[in-house]
Amino acid sequence: RNVLVLNGPNLNLLGTRQPEVYGSTTLQMVEDLCVQHGVSVGLQVSHLQSNHEGALIDAIHAARGVQDGLVLNAGAFTHTSVALMDAIASVELPVVEVHLSNIHAREAFRHKSFIAPVALGQICGFGAQSYVLALDALAAHLTAGGA
Ligand code: DQA
């Protein structure tokens, strides 16, 4: 099974960006962790990070028929992007929404997610481990025959 881990705006700065909120783990470390964990649960993990909403939408479209599922941290676009929501709804791929921080314990504007209604589920608040949990959730969903 193939899974794309898609990271949105500002996540390229992980490790140095507000480490008190997002930890000291770099994006490279998160990506390596995902590849390694993917192997242990039978998922071939690839990666993409972009700061651009349109590039993320293009990546979601391109995933159709190529990937079996997506792990998506849309960053701040989570709270703003109807276009990303529509893209996910359009490709009919299982998507697990992830966040490093617990968005529900933060500012009110982060409580709203446009991704959640079109995602299988949401995992947030566990730092880099959120991605590992998301891969587990996706692997279990795909093994159970979900699409
Ligand atoms: C984030 C949470 C968002 O609110 C924020 O805009 C981010 C990162 C997270 O992983 O905790 O960029 O998605």
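Reading the values: the criteria
Residues take numbers from 1 onward in each chain, read along the sequence in its written order. Confidence filtering applies because this is a predicted model: local features only for residues at pLDDT of at least 70, side-chain atom pairs given and counted only at 80 or more, and all residues used for totals across whole chains, interfaces and linings. UniProt positions are given in the numbering used here, feature names are shortened, and annotations may be inferred rather than shown by experiment. We count a stretch as a helix when DSSP gives it H or I for four or more residues in a row; a strand needs E for two or more, and each element gets its number in order from the N terminus. For the exposure call, what matters is how many other C-beta atoms sit within 10 Å of a residue's own: 20 or more marks it buried, 12 or fewer exposed, and in between partly exposed, using C-beta atoms placed from the backbone. Each residue gets a C-beta atom placed from its backbone, and two residues are in contact if those atoms lie within 7 Å. Residues are classed as near a molecule or strand if the C-beta position derived from their backbone is within 6 Å of it. When residues are sorted by character, Ala, Val, Leu, Ile, Met, Phe, Trp, Tyr, Cys and Pro go into the nonpolar class, Asp, Glu, Lys and Arg into the charged class, and all the rest, Gly among them, into the polar class. The predictor reports its confidence for every residue as pLDDT, a score running from 0 up to 100. Each pair of strands is called paired provided DSSP finds at least two bridges between the two strands. Axis lines are fitted to C-alpha atoms, over the contacting stretch for helices. Their N-to-C directions set the angle, which ranges from 0 to 180 degrees.

- By the naming in an unreviewed UniProt entry, the chain goes by 3-dehydroquinate dehydratase and is assigned to Ruegeria haliotis.
- UniProt annotates the chain under Sequence similarities (unreviewed entry) with the comment "Belongs to the type-II 3-dehydroquinase family."
- For the chain, the Pathway (unreviewed entry) comment in UniProt is given as "Metabolic intermediate biosynthesis; chorismate biosynthesis; chorismate from D-erythrose 4-phosphate and phosphoenolpyruvate: step 3/7."

Description of the overall build of the chain
Phase 1 of the analysis: Regarding its fold elements, the chain presents 5 helices and 5 strands.
Phase 2 of the analysis: Helices and strands in the chain line up, N terminus first, as β-α-α-β-α-β-α-β-β-α.
Phase 3 of the analysis: Once the C-alpha set of the chain is aligned to its principal axes, its extents read approximately 40 × 30 × 25 Å.
Phase 4 of the analysis: Counting across all 147 residues of the chain, residues that qualify as buried make up 35%.
Phase 5 of the analysis: Considering only contacts in the chain between residues 6 or more positions apart, those separated by 24 or more positions represent 75%.

Quick look at the site of the ligand
Phase 1 of the analysis: In the region of the ligand, the neighbouring residues are Asn10, Asn73, Gly75, Ala76, Thr78, His99, Leu100, Ser101, Ile103 and Arg110.
Phase 2 of the analysis: In terms of residue class, the shell around the ligand is built from 3 nonpolar, 6 polar and 1 charged.

Regarding the confidence of the model for the chain
Phase 1 of the analysis: This prediction gives the chain a mean pLDDT of 96; 99% of its residues lie at or above 70.
Phase 2 of the analysis: Across the interface, the model reports ipTM at 0.99; the global pTM reads 0.96.

Comments concerning the UniProt feature "binding site: substrate" (unreviewed entry) in the chain
Phase 1 of the analysis: UniProt marks Asn73, His79, Asp86, Leu100, Ser101 and Arg110 with the feature "binding site: substrate" (unreviewed entry), using the numbering shown here. The greatest C-alpha distance among the annotated residues, which extend across 38 residues, is 24.2 Å, indicating that they are dispersed rather than converging on a single site.
Phase 2 of the analysis: Mapped onto the secondary structure, Asp86 falls in helix α4 (residues 82–91).
Phase 3 of the analysis: With respect to the helices and strands, the residue Leu100 is situated in the loop between β4 (95–99) and β5 (121–124).
Phase 4 of the analysis: With residues near it in sequence (within four places) discarded, Leu100 still touches Tyr22, Gly23, Gly127, Ala128 and Ser130.

Quick look at the UniProt feature "active site" (unreviewed entry) in the chain
Phase 1 of the analysis: In the UniProt entry, the feature "active site" (unreviewed entry) is given for Tyr22 and His99. Spatially, the listed residues are clustered: although they cover 78 residues, their C-alpha atoms lie within 9.4 Å of one another.
Phase 2 of the analysis: If near-sequence neighbours (up to four positions away) are discounted, Tyr22 is found in contact with Leu14, Arg17, Leu100 and Ser101.
Phase 3 of the analysis: Along the polypeptide, His99 turns up in strand β4.

As for the pairing of strand β1 (residues 2–7)
Phase 1 of the analysis: By the criterion of burial, β1 is predominantly enclosed, with 5 of the 6 residues buried.
Phase 2 of the analysis: Here β1 pairs with strand β2 (residues 44–49) via 6 bridges, running parallel. The residue of β2 that forms the bridge with Asn2 is Gln44.

Description of the sheet that holds β2
Phase 1 of the analysis: One open sheet accounts for 5 strands, arranged β2-β1-β3-β4-β5; its pairing is parallel. In the strand order of this sheet, the two ends are held by β2 and β5, each with one partner. If you compare each strand with its neighbour and ignore which way they point, the axes differ by 20° on average.
Phase 2 of the analysis: The strands that helix α2 (residues 27–40) touches are β1 and β2; relative to β2, the one it contacts most, it runs at about 160°.

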